[in-house]
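Examination of the molecular architecture
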Amino acid sequence: MASLALTTSVNLGFRSPTTVNHRLSTKQSPAFNLHRSNGPQHLRLPSLKLKSPIRNPIFTVKASAAAVPAKPDAPAPAPIPWQGAAMKPLIASIATGVILWFVPVPEGVSKNAWQLLAIFLATIVGIITQPLPLGAVALLGLGACVLTKTLTFAAAFSAFGDPIPWLIALAFFFARGFIKTGLGNRIAYQFVKLFGSSSLGLGYSLVFSEALLAPAIPSVSARAGGIFLPLVKSLCVACGSNVGDGTEHKLGSWLMLTCFQTSVISSSMFLTAMAANPLSANLTFNTIKQTIGWTDWAVAAIVPGIVSLIVVPLILYVIYPPTVKSSPDAPKLAKEKLEKMGPMTKNEIIMAGTLLLTVGLWIFGGMLNVDAVTAAILGLSVLLITGVVTWKECLGEAVAWDTLTWFAALIAMAGYLNKYGLISWFSQTVVKFVGGLGLQCGAAHIGAMFTAFLSVASALGTPPLFGAMVLAFLSNLMGGLTHYGIGSAPVFYGANYVPLAKWWGYGFLISVVNIIIWLGVGGVWWKFIGLW
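Please read these numbers as outputs of a predicted model, since none were measured by experiment.

**Some remarks on the overall build of the protein chain**
In terms of regular secondary structure, the protein chain is built from 21 helices and three strands. With 532 residues in all, the protein chain has 45% of them scored as buried. Of the contacts formed within the protein chain by residues at least 6 apart in sequence, a portion of 75% connects residues at least 24 apart. For the protein chain, the accessible area works out to roughly 25,900 Å², and carbon and sulfur atoms hold 68% of it.

Laid out in structure tokens, this is it:
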């Protein structure tokens, strides 16, 4: 790229007139030169001479075009990342629905029921692979139901008036105040201060403080990531157990694995301890017309749950022991944290009182004719009025609204699958096959087809409410198998204290232990309370 350099030379001369007539001089007029030469480029123009009676200005203008190095091109702007769906999971989800849609409808099944099953399973695949957030996937499923006339708009969105999705959303709002005020941390530190002088005691203090918070915080991810992971990591560091320097086994490996496996157990113990539990309760009602209330769930789970909370840390302490058996620094650290927090604030006191009120109504609400959702609304109302939680914060709880959406969508589709007779057809078909094998379906995994498995278990002779309870409990306990099976798994595994192979191996072992406890000790307890 060339630029043009313009150089001017200006000489101004004034001479007096030689005559009174002011005749024009015949002398040379000023030169105007624009010349060109090699090297730097010069252009030369003919001289132009002007004469004035008063002055003789001489202008010399030289212009050159010199070659200069070209400037490098400006870097291209970074491409805007794709904000839409992950295409491979989206294609897998759509393909599932399309293939099943065009499969010939089996005898005994209506066309509407089969088409709804295709959309339902496509939605389930989308929820598993997550091309979009869960709520968005569920909304697409509802849209497909309405677009294909499989369901009316009123039917597709009918479950948004169901109390169960709202119960879990309200519990998320409630949990916001619990974490915001610091009450959850205070309770955990108090347990560590009292019982954390030994490694085993420290583990139990964290286990039971997490179980105590479980009814009030329905997101196991929030409990793990928001409260206990920061606490556990600080305790490990205080005891000299760090990631990457060979000291993981001092305390961190055992403590991380213990806290994770017991979070799975505490999620099984209360209706509001895990986001999927109310869905199991709702599907139970839709299938067998029996209600699982908050108290019903807690009473049935409390004995096997407490036994598991005691046994599992002890088993891990034996087979995956920490090398540090005492932790004198843990109570000291907890005491320092409590001193730093100071006395309970006004908001903490309000939060504690509201917690007692809400949980009390969940337990004794049946006597007062107050259901669980009404109790949660009352508790949230107190928090909003006192400013412990603001409505803006509630609106910002994206997980709550996302959960509300996909819960309602699945409840609606599953309910209409049952209403269209597909679940009845499925259970009868499976019973004809399974009945000849003499097997029972009580330990089947719960997933999208909870209703189908419950129907099969009932048809095989399992007491319906008992079968529903077992399936609901096991749906949580199986989350301990992998590093992604439940919300707390990636949180604790991501701390990098436990290798993946050991995580899976011990996960399988503890899952077997939990099944033995819950079906053994739990079975005896359930017989005692008349569940079967």
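**Points about helix α11 (residues 294-319)**
With 26 residues, α11 extends 35 Å between its outermost C-alpha atoms, agreeing within 8% with the 38 Å of an ideal straight helix rising 1.5 Å per residue. Of all bends in α11, the biggest is about 45°, found at Ile302, and the proline Pro304 comes one to four residues later.

**Notes on a nonpolar patch on the surface**
A surface patch of nonpolar side chains, amounting to about 390 Å² of accessible area, comprises Trp82, Met87 and Ile91. Exposure remark for Trp82: the relative accessible area of 64% places this residue in the exposed category.

**Some details on the environment of Ala281**
Here Ala281 is to be found in helix α10 (residues 277-288). C-alpha separation for the pair Ala281 and Ala468, spaced 187 residues apart in sequence, amounts to 8.1 Å. Setting aside residues up to four positions removed in sequence, Ala281 forms contacts with Leu271 and Ile292.

**Focus on the nonpolar core**
Grouped together as the largest cluster of nonpolar side chains are 139 residues, with contacts concentrated most on Phe178, Leu206, Leu255, Met413, Phe492 and Trp518. Broken down by element, this core gets its largest block of residues, 12 residues, from helix α16 (residues 398-419). Leaving out residues up to four positions away in the same chain, Leu206 has contacts with Val192, Phe228, Leu231, Val232, Leu235, Leu255 and Cys259.

**Quick notes on the pattern of salt bridges**
Any two side chains of opposite charge can pair, so long as their charged atoms come close to each other. In this structure the tally under the stated criterion is three salt bridges. Notably, a salt bridge pairs Glu393 with Lys180, separated by 2.9 Å at the nearest N-O pair. Within this pair, whereas Glu393 is found in helix α15 (residues 391-395), its partner Lys180 is found in helix α5 (residues 163-180), the two being separated by 213 residues in sequence. Overall, the relative accessible area of 23% leaves Glu393 in the partly exposed class. What makes Lys180 partly exposed here is its relative accessible area of 40%.

**Regarding unusual backbone geometry**
Unlike most non-glycine residues, Gln130 shows phi in positive territory, near 55°. Mapped onto the elements, Gln130 comes out in the loop between α2 (111-129) and α3 (134-147). Taking relative accessible area as the criterion, Gln130 reaches 46% and is therefore assigned partly exposed. A positive phi is found at Lys149, a non-glycine position, where the angle reads about 65°. With respect to the helices, strands and loops of the structure, Lys149 is situated in the loop between α3 and α4 (153-156).

**What to know about the environment of Val137**
Within the secondary structure, Val137 sits in helix α3. Sequence separation of Val137 and Ala85 is 52 residues, and the distance between their C-alpha atoms is 9.8 Å. With residues near it in sequence (within four places) discarded, Val137 still touches Thr123, Gly126, Ile127, Pro131 and Leu132.

**Overview of the packing of aromatic side chains**
If you walk through the whole model with that rule in mind, you get 18 aromatic pairs. When the ring of Phe157 is compared with that of Phe160, the centres are 5.7 Å apart and the planes differ by 25°; the resulting orientation is stacked. Aromatic pair Tyr320 and Tyr506: ring centres 4.8 Å apart, planes at 35°, arrangement tilted. Remark: Tyr506 occurs in helix α21 (residues 500-528) and Tyr320 occurs in the loop between α11 and α12 (329-341); sequence separation between them is 186 residues. Residue Tyr320 is classed as buried on the basis of its relative accessible area of 5%. By way of ring pairs, the aromatic residues Trp297, Phe466, Phe473, Trp518, Trp526 and Trp532 are connected into one cluster. Against the face of Phe285 rests Lys289, its NZ or CZ located 5.6 Å from the ring centre.

**So, the confidence of the model for the protein chain**
Looking at the protein chain, pLDDT values average 78 and 80% of them are 70 or higher. Confidence scores differ between elements of the protein chain, with strand β1 (residues 2-14) showing the lowest mean pLDDT of 41 and α11 the highest of 94. Counting interchain partners and residues more than four positions distant, the pLDDT-below-50 stretch residues 1-61 has 104 contacts. Across residues 432-447, where pLDDT falls below 50, the model places 22 contacts with residues more than four positions away in sequence or in other chains.

**Details of the packing of α10 against helix α19 (residues 464-477)**
For the pair α10 and α19, the least separation of the axes is 10 Å and the interaxial angle reads 155°. Here α19 runs roughly antiparallel to α10, going by the angle between their axes. When the axes of α10 and α19 are compared, the crossing they make is right-handed. Packed against α10, whose contacting residues are Asn277, Ser280, Thr284 and Ile288, the element α19 presents Pro464, Leu465, Ala468, Ala472, Ser475 and Asn476 at the interface.

**So, the packing of α2 against α3**
Between α2 and α3, the shortest axis-to-axis distance is 9 Å and the interhelical angle comes to 165°. When the axes of α2 and α3 are compared, the pair comes out roughly antiparallel. For α2 against α3, the interelement crossing comes out right-handed. Residues Leu116, Ile119, Thr123, Gly126 and Ile127 of α2 pack against Leu134, Val137, Ala138, Gly141, Ala144 and Cys145 of α3. Taken together, the residues that form the contact of α2 with α3 break down as eight nonpolar, three polar and no charged.

**Re the environment of Ala452**
Among the structural elements, Ala452 can be located in helix α18 (residues 450-459). Note on Ala452: relative accessible area 1%, which makes it buried. Residues Ala452 and Leu422 lie 30 residues apart in sequence; the distance between their C-alpha atoms is 9.0 Å. Beyond its immediate chain neighbours, meaning those up to four positions away, Ala452 contacts Ile423 and Phe426.

About the cut-offs
Residues numbered from 1 in each chain as written. Predicted model: local features only at pLDDT ≥ 70, side-chain atom pairs only at ≥ 80, totals over all residues. Heavy atoms only, no water. Helix = DSSP H or I, 4+ residues; strand = E, 2+ residues; numbered from the N terminus. Buried < 20%, exposed > 50% of the residue type's maximum accessible area, 1.4 Å probe, protein only. Contact = heavy atoms within 4.5 Å. Areas by Shrake-Rupley, 256 points an atom, 1.4 Å probe, with all protein chains shown as cover. Expected span 1.5 Å × (residues − 1). Bend = angle between axes of the 7 residues up to and from the residue. Patch = residues over 30% accessible without salt bridge, like charges linked within 9 Å, V, L, I, M, F, W, Y side chains within 5 Å. Salt bridge = Lys/Arg side-chain N within 4 Å of Asp/Glu carboxyl O. Core = buried A, V, L, I, M, F, W, Y, C linked by side-chain atoms within 4.5 Å. Phe/Tyr/Trp six-rings, centres within 6.5 Å; stacked < 30°, edge-to-face > 60°. Lys NZ or Arg CZ within 6 Å of the ring centre and 35° of its normal. pLDDT = per-residue confidence, 0-100. Axes fitted to C-alpha atoms, helices over the stretch in contact; angles between N-to-C directions. Parallel < 35°, antiparallel > 145°, perpendicular 65-115°, else oblique. Left-handed = near helix turned anticlockwise from the far one by under 90°. Nonpolar A, V, L, I, M, F, W, Y, C, P; charged D, E, K, R; others polar.

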